[in-house]
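# What the coordinates show
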Amino acid sequence: MQIDKLRGEQLDLLFDAILSLKDKEECYKFFDDIATMSEVQSLSQRFQVAKMLTEGKTYSAIEKETKASTATISRVRRCINYGSDGYNLVLERMNIKE
């Protein structure tokens, strides 16, 4: 499984830091410091693409609304279909998956 390739002390430390955040304001502060605006926007875009894909939106609608490339949309689709189920896990917990 690909997820095992990610595991390690450095990533554990990062995830522990993220899990320690208490609210959106703390998330804004932390991600402003740890990542560039472009990196944060890229992650946000991918998550929006995943949400829209699980809602059954078309590639063209997703491309138009998110400005994501078809390559990005395809990559997210692959993760949803064959990945570690992380997108579905979070979307279901947030109760925003239709």
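Scroll up for the structure.
These figures come from a predicted structure and were not determined experimentally. (Residues numbered from 1 in each chain as written. Predicted model: local features only at pLDDT ≥ 70, side-chain atom pairs only at ≥ 80, totals over all residues. Heavy atoms only, no water.)

Right, let's get into the packing of aromatic side chains. Any pair of aromatic rings gets described here by the distance separating the centres and the angle formed by the planes. Under the counting rule described, the total for this entry stands at 1 aromatic pair. Between Phe30 and Phe31, the ring centres sit 5.6 Å apart and the planes meet at 85°, which makes this aromatic pair edge-to-face. Classification of Phe30 by relative accessible area gives partly exposed; the value is 22%. (Phe/Tyr/Trp six-rings, centres within 6.5 Å; stacked < 30°, edge-to-face > 60°. Buried < 20%, exposed > 50% of the residue type's maximum accessible area, 1.4 Å probe, protein only.)

Further remarks concern the environment of Tyr59. Examined against the element boundaries, Tyr59 turns out to sit in helix α5 (residues 59-66). Tyr59 sits 15 residues away from Ser74 along the chain, and the two C-alpha atoms are 8.6 Å apart. Each residue touching Tyr59, except ones within four places of it in the same chain, is listed here: Leu53, Thr70, Ile73, Ser74 and Arg77. (Helix = DSSP H or I, 4+ residues; strand = E, 2+ residues; numbered from the N terminus. Contact = heavy atoms within 4.5 Å.)

Attention now goes to the packing of helix α2 (residues 9-20) against helix α3 (residues 24-34). Between two packed helices, the angle of one axis relative to the other and the distance separating the axes together describe the packing. Running from N to C, α2 and α3 point in directions that differ by 150°, and their axes come no closer than 10 Å. Here α2 lies roughly antiparallel to α3, going by the angle between them. Counting all contacts with α2, which are made through Leu14, Ala17, Ile18 and Ser20, the residues of α3 involved are Glu26, Phe30, Phe31 and Ile34. (Axes fitted to C-alpha atoms, helices over the stretch in contact; angles between N-to-C directions. Parallel < 35°, antiparallel > 145°, perpendicular 65-115°, else oblique.)

With 13 residues, helix α6 (residues 70-82) should cover 18 Å at 1.5 Å per step; its first-to-last C-alpha distance of 18 Å lies within 8% of that length. Within the span of α6, buried status applies to Ile73, Val76 and Ile80. Around the axis of α6, the buried residues are gathered within 65° of arc, so they sit on the same side. Projecting away from the buried face of α6 at angles above 90 degrees are the exposed residues Ala71 and Tyr82. If you follow the buried residues of α6, they end up packed against α4 (37-54), α5 and α7 (86-94). (Expected span 1.5 Å × (residues − 1). Arc of directions from axis to C-beta.)

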